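Residue strings, one per chain:
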Protein chains: 2
Amino acid sequence: MQVYNFEGALTREQEDEFYMKEALKLAEQAFKEDEIPIGAVIVAQNRIIGKGYNLTERLNDVTAHAEMQAFTAAANFLGGKYLKDCTLYVTVEPCVMCAGASYWTQLSRIVYGTIDEKRGYSTVAANILHPKTIIIGGVLEGECARLMKSFFVSKR
Amino acid sequence: MQVYNFEGALTREQEDEFYMKEALKLAEQAFKEDEIPIGAVIVAQNRIIGKGYNLTERLNDVTAHAEMQAFTAAANFLGGKYLKDCTLYVTVEPCVMCAGASYWTQLSRIVYGTIDEKRGYSTVAANILHPKTIIIGGVLEGECARLMKSFFVSKR
């Protein structure tokens, strides 16, 4: 999927919101399937090359986080395991597992929506990411957080 | 696969060596396939319920570590995503990604062979594992380390 430029290029902020909305659509799909609502897309050269949403319940597999599936899909698309010039958009701050996986991919950027106070990687250790990976938080934070809250309220 | 008791039960140490040898066989298989030679098995009630060896090159996927495949296989076997009463045997200390995954599985024990000075989870942060997970290092350390060294020497 391309970001269409109507009148000149989108700003980086507009681009980030555009792709975060795509990640949010996947998170909403997870919600519908009764999964913790987290979605992720991987973008390279203004194109989505990998997608994922949380499927830990359906697959009975703790490794089936949105990001992990997006990494695998993007690497399949590229035919190589490194995602050096790619950005991960994910609705919630990655956990330690996903941040550890992103280290191996050598992603250039991670853009996330809302923090995860309990198991976000940054609450555990700040040095988990690859030193070359830029991290940006808080993009469409409200929408991303609301979806998570609605899910957990519905589970009470 | 069962540990057969010929004259009374095996000690915990003998059991750990027995299963580490099984993990080493998988690591040797990885070596034959030109993959970084790391192998893993998951054991529950004296039975191997999941196996894996590193396949990051063949699958073009950084998430295809031995442990991740063993977690997925064991959860499939059990029909549930938690591995609470299971032990992971792995020839090399888990990386951050795999240690982060083990947190989600709530594994009861991790037994590893040789440390990974560069990207072992403990070099990054000690608090990555689940607080209930017991960690034991150095089982068949020499064999596990020799296999890794031979591999990297062969790559020079």
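Residues numbered from 1 in each chain as written. Chains lettered and ligands numbered in written order. Predicted model: local features only at pLDDT ≥ 70, side-chain atom pairs only at ≥ 80, totals over all residues. Heavy atoms only, no water.

Going by what an unreviewed UniProt entry lists, chain A is known as tRNA-specific adenosine deaminase and is assigned to Sphingobacterium paucimobilis HER1398. The annotation that UniProt attaches to chain A under Subunit (unreviewed entry) is "Homodimer." Within the UniProt record for chain A, the comment given under Catalytic activity (unreviewed entry) is "adenosine(34) in tRNA + H2O + H(+) = inosine(34) in tRNA + NH4(+)". (UniProt positions renumbered as here; feature names shortened; annotations may be inferred.)

Caption draft 1: Region of interest: the sheet that holds strand S5 (residues 134–136) of chain B. All names here are of chain B. Taken in spatial order, the 5 strands make up an open sheet running S2-S1-S3-S4-S5, and their pairing is mixed. Each edge of the open sheet is held by one strand with a lone partner, namely strand S2 (47–53) and S5. Ignoring strand direction, the axes of neighbouring strands in this sheet form an average angle of 15°. Across 6 bridges, strand S1 (residues 39–44) lies against S2 in antiparallel orientation. Bridged to glycine 39 within S2 is tyrosine 53. Lying over the sheet, helix H5 (residues 141–154) contacts strand S3 (87–92) and strand S4 (109–114), oriented at roughly 60° with respect to S4. (Pairing = 2+ DSSP bridges. Helix = DSSP H or I, 4+ residues; strand = E, 2+ residues; numbered from the N terminus. Axes fitted to C-alpha atoms, helices over the stretch in contact; angles between N-to-C directions. Contact = heavy atoms within 4.5 Å.)

Caption draft 2: Broad picture of the environment of Arg109(A). Residue and element names in this part refer to chain A. Structurally, the position occupied by arginine 109 is in strand S4 (residues 109–114). Among the residues examined, arginine 109 registers a relative accessible area of 7% and is labelled buried. Put simply, arginine 109 and valine 43 are 66 residues apart on the chain and 9.7 Å apart in space, counted from C-alpha to C-alpha. When residues no more than four places from it in sequence are discounted, the contact partners of arginine 109 are Arg12, Asp16, Cys86, Thr87, Leu88, Tyr89, Thr133, Ile134 and Ile136. (Buried < 20%, exposed > 50% of the residue type's maximum accessible area, 1.4 Å probe, protein only.)

Caption draft 3: Region of interest: the packing of helix H1 (residues 12–32) of chain A against helix H5 (residues 141–155) of chain A. All names here are of chain A. Relative orientation of the contacting elements H1 and H5 amounts to 5°, with a least axis distance of 10 Å. Taken together, the axis directions place H1 and H5 in an arrangement best described as roughly parallel. Residues Met20, Leu24, Ala27, Glu28 and Phe31 of H1 pack against Glu143, Cys144, Leu147, Ser150 and Phe151 of H5. For the contact of H1 with H5, a count of residues per class yields 7 nonpolar, 1 polar and 2 charged. (Parallel < 35°, antiparallel > 145°, perpendicular 65-115°, else oblique. Nonpolar A, V, L, I, M, F, W, Y, C, P; charged D, E, K, R; others polar.)

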